[in-house]
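Residues per chain are reported as follows:
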Amino acid sequence: MKAKLQILFLTCLLILITNSCSSDSITEPPPGLTLAQKFQNALDEGVVNYGGKGVAVAITIPGENPWFGMAGVSHGITPVTNHMLFAAGSTTKNFAATLTLQLAEEGKLSLDDSLHNWIQSFPQIDSTITIRQLLNHTNGIFNFTDHPTVWNNIYSNPTRHWTHEEVITNFVLSPYFQPGQGWHYSNSGYVLLAMILENVTGTSLSSELRNRFWIPLGMNNTYLPIEETLPEPIAHGWLDLNGDGNDEDISSYSIAAFTSAASLAGAVYSTSEDLAKWAKALFHDKTVLSQNSLDQMLTFYSPVPGEPLLEGYGLGVINLSRDLFNNLEIIGHTGDAPGYAAGSLYLPAYGVCIGICDNTEEGNSMS
């Protein structure tokens, strides 16, 4: 999981427990500030210290009113607001996993079903791989976003709509290992999962996500733009497209190629408020999944090689390294998309939920 360091640092800054995080670069807040003022100071400082353009954050704390904070700009002198949409990147995987687990609860699939139960065969894909192995990245499938030509294909033809089949056929190389014999982050697995879920439900992915989760939870600003039109306002994404070290405003570029290729690996757009609502409903209120399903989701594979920011990976959920946060447990998901980064996170010890959105990103992964 290539979680963006900026997101992790900002999250660390925003934790309500004053001494939960430690960093030489974090300024001690002045005495006498309210909790909201401390949050806003931390957010303002984080944008400056970590090179952010604009950030929107929502935090829910038991017994307190939700807090919404913004810092920086979308573009020009237009400030970021908590109503702006941002690409949520691989935070999408948590929605995908939750949908899969709900369908399993309904008996419409089993997590231990093999791929050959539901979809066609592909070169380089072992059809004995199970849905569970897609969800927790123990499938060994080559991560298509690591293919040497994929980003050039996406950026050079931004209006192209990639089918799931085209992504798997064109950008999946030889597997890393045999199914169940290791761990490697793979966006390809969630593209295959999208194909499975479409076959299982017989409906669109957006209608399933909207009717099952987003409408009931009041997540009125969350979209799957492969199938839905994004309304304004959308925060402008910033990305160094030409490699000169300077981020460019990429809002004029079509997102069709990226979102169609990403699918359930990373195509959702949302707001910080909705991402905090999601973490609260799923992890704190526990109103989305049964306890058995949630227990399965939070069964973490560990260690995860090559991912020093993570302790483990469950079913579409990350467990961030406690070494980064003075032994504080943080679960949920973070993600990148071209021009953006985001996270939907939960602190079990304190019942705190955080939604965070950023409009800058390295642009080399969807994690």
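Everything here concerns the structure above.
No experiment lies behind these values; they were computed from the predicted model shown. (Residues numbered from 1 in each chain as written. Predicted model: local features only at pLDDT ≥ 70, side-chain atom pairs only at ≥ 80, totals over all residues. Heavy atoms only, no water.)

Peer 1: I tried to follow the overall build of the protein on my own but got confused; where do I start?
Peer 2: For the protein, the count of helices and strands is 11 helices and 12 strands. Computed over its C-alpha atoms, the radius of gyration of the protein comes to 19 Å, within 12% of the 21 Å expected for a compact globule of 367 residues. Its C-alpha atoms give the protein principal-axis dimensions of about 60 × 45 × 35 Å. Within the protein, the proportion of its 367 residues that are buried is 57%. (Helix = DSSP H or I, 4+ residues; strand = E, 2+ residues; numbered from the N terminus. Rg over C-alpha atoms; globule rule 2.2 N^0.38 Å. Buried < 20%, exposed > 50% of the residue type's maximum accessible area, 1.4 Å probe, protein only.)

Peer 1: Help me understand the pairing of strand β8 (residues 310-313), please; the structure alone is not making it clear to me.
Peer 2: On a regular strand, each side chain points to the face opposite its neighbour's, so the side chains alternate between the two faces of the sheet. Of the strand pairs in this sheet, β8 and strand β9 (residues 318-320) are connected by 3 bridges, and their pairing is antiparallel. Residue Leu 310 lies in a different strand from β9, and its bridge partner there is Leu 320. (Pairing = 2+ DSSP bridges.)

Peer 1: Please clarify how the sheet that holds strand β10 (residues 331-337) should be interpreted in this entry.
Peer 2: The strands making up a sheet associate through backbone hydrogen bonding, with each pair oriented either parallel or antiparallel. The sheet built from 8 strands is open, its strands ordered β3-β2-β1-β12-β11-β10-β9-β8 with antiparallel pairing. Each of the sheet's edge strands pairs with one partner strand only, and the pair in question is β3 (78-79) and β8. Where β9 meets β10, 2 bridges bridge the pair, whose relative direction is antiparallel. Residue pairing for β10: Asn 319 is matched across the bridge by Ile 331.

Peer 1: Can you help me understand the pattern of salt bridges in this one?
Peer 2: One pass over the structure, following the stated rule, counts 10 salt bridges. Salt-bridge contacts for Glu 166 lead to Arg 160; the nearest nitrogen and oxygen are separated by 3.4 Å. A residue is classified by how much of its surface remains accessible, and Arg 160, at 29% relative accessible area, is partly exposed. Put simply, Glu 228 and Arg 210 hold a salt bridge, and the shortest N to O gap is 2.7 Å. Remark: Arg 210 occurs in helix α8 (residues 205-214) and Glu 228 occurs in the loop between α8 and β5 (238-239); sequence separation between them is 18 residues. Neither Glu 228 nor Arg 210 differs from the other in exposure class; each is buried. (Salt bridge = Lys/Arg side-chain N within 4 Å of Asp/Glu carboxyl O.)

Peer 1: Looking at this structure, I do not really get unusual backbone geometry. What am I missing?
Peer 2: When glycine is set aside, most residues are seen to have a negative phi, and most peptide bonds are trans. Look at the link from Glu 232 to Pro 233: it is a cis peptide, with omega at 0°. As for its placement among the helices and strands, Pro 233 is situated in the loop between α8 and β5. Cis peptide bonds are those with omega within 30 degrees of zero, and the linkage from Ser 302 to Pro 303 qualifies with 0°. Looking at the secondary structure, you find Pro 303 in the loop between α11 (291-297) and β8. Positioned with a positive phi, Lys 286 is a non-glycine residue whose angle comes to about 55°. With respect to the element layout, Lys 286 can be found in the loop between α10 (272-284) and α11.

Peer 1: Mind showing me how you'd approach the side chain of Glu 228 here?
Peer 2: Since its relative accessible area comes to 18%, Glu 228 is described here as buried. In terms of polar contacts, Glu 228 uses its side chain to reach the backbone amide nitrogen of Leu 224, at 2.7 Å. Excluding anything up to four places from it in sequence, Glu 228 contacts Ser 206, Arg 210, Trp 214 and Tyr 223. (Polar contact = N/O pair within 3.5 Å; in protein donor to acceptor, adjacent residues only side chain to side chain. Contact = heavy atoms within 4.5 Å.)

Peer 1: Explain the state of the cysteines to me, please; I cannot follow it from the model alone.
Peer 2: As used here, a disulfide is simply a covalent bond connecting the sulfur atoms of two cysteines. Within the structure shown, the criterion is met by 0 disulfides. The cysteine Cys 353 is free of any disulfide, with Cys 357 supplying the nearest cysteine sulfur at 15 Å. (Disulfide = S-S within 2.5 Å.)

Peer 1: What should I look at first to understand α8 in this one?
Peer 2: Given 3.6 residues to a turn, an α-helix orients residues that are three or four positions apart in the same direction. Within α8, 8 of the 10 residues are buried, which leaves it mostly tucked inside the rest of the structure. Within the span of α8, buried status applies to Leu 205, Ser 206, Glu 208, Leu 209, Arg 210, Arg 212, Phe 213 and Trp 214. Each element contacted by the buried residues of α8 is listed here: α3 (92-105), α7 (187-201) and α10.

Peer 1: Just to check I follow, could you spell out the packing of aromatic side chains for this structure?
Peer 2: Remark: the centre distance and the inter-plane angle together describe each pair of aromatic rings, the angle taken between the planes. Summed over all chains, the structure comprises 14 aromatic pairs. Taking the centre distance of 5.1 Å and the plane angle of 55° together, the rings of Phe 39 and Trp 67 count as tilted. Of this pair, Phe 39 sits in helix α2 (residues 35-49) while Trp 67 sits in strand β2 (residues 67-75); the two residues are 28 residues apart in sequence, bridging distant segments of the chain. Exposure class is identical for Phe 39 and Trp 67. Each is buried. Here the aromatic cluster, defined as three or more aromatic residues joined through ring pairs, consists of Phe 95, Phe 213, Trp 214 and Trp 278. A cation over an aromatic ring shows up here: Lys 53 above the ring of Trp 238, its NZ or CZ 4.0 Å from the ring centre. (Phe/Tyr/Trp six-rings, centres within 6.5 Å; stacked < 30°, edge-to-face > 60°. Lys NZ or Arg CZ within 6 Å of the ring centre and 35° of its normal.)

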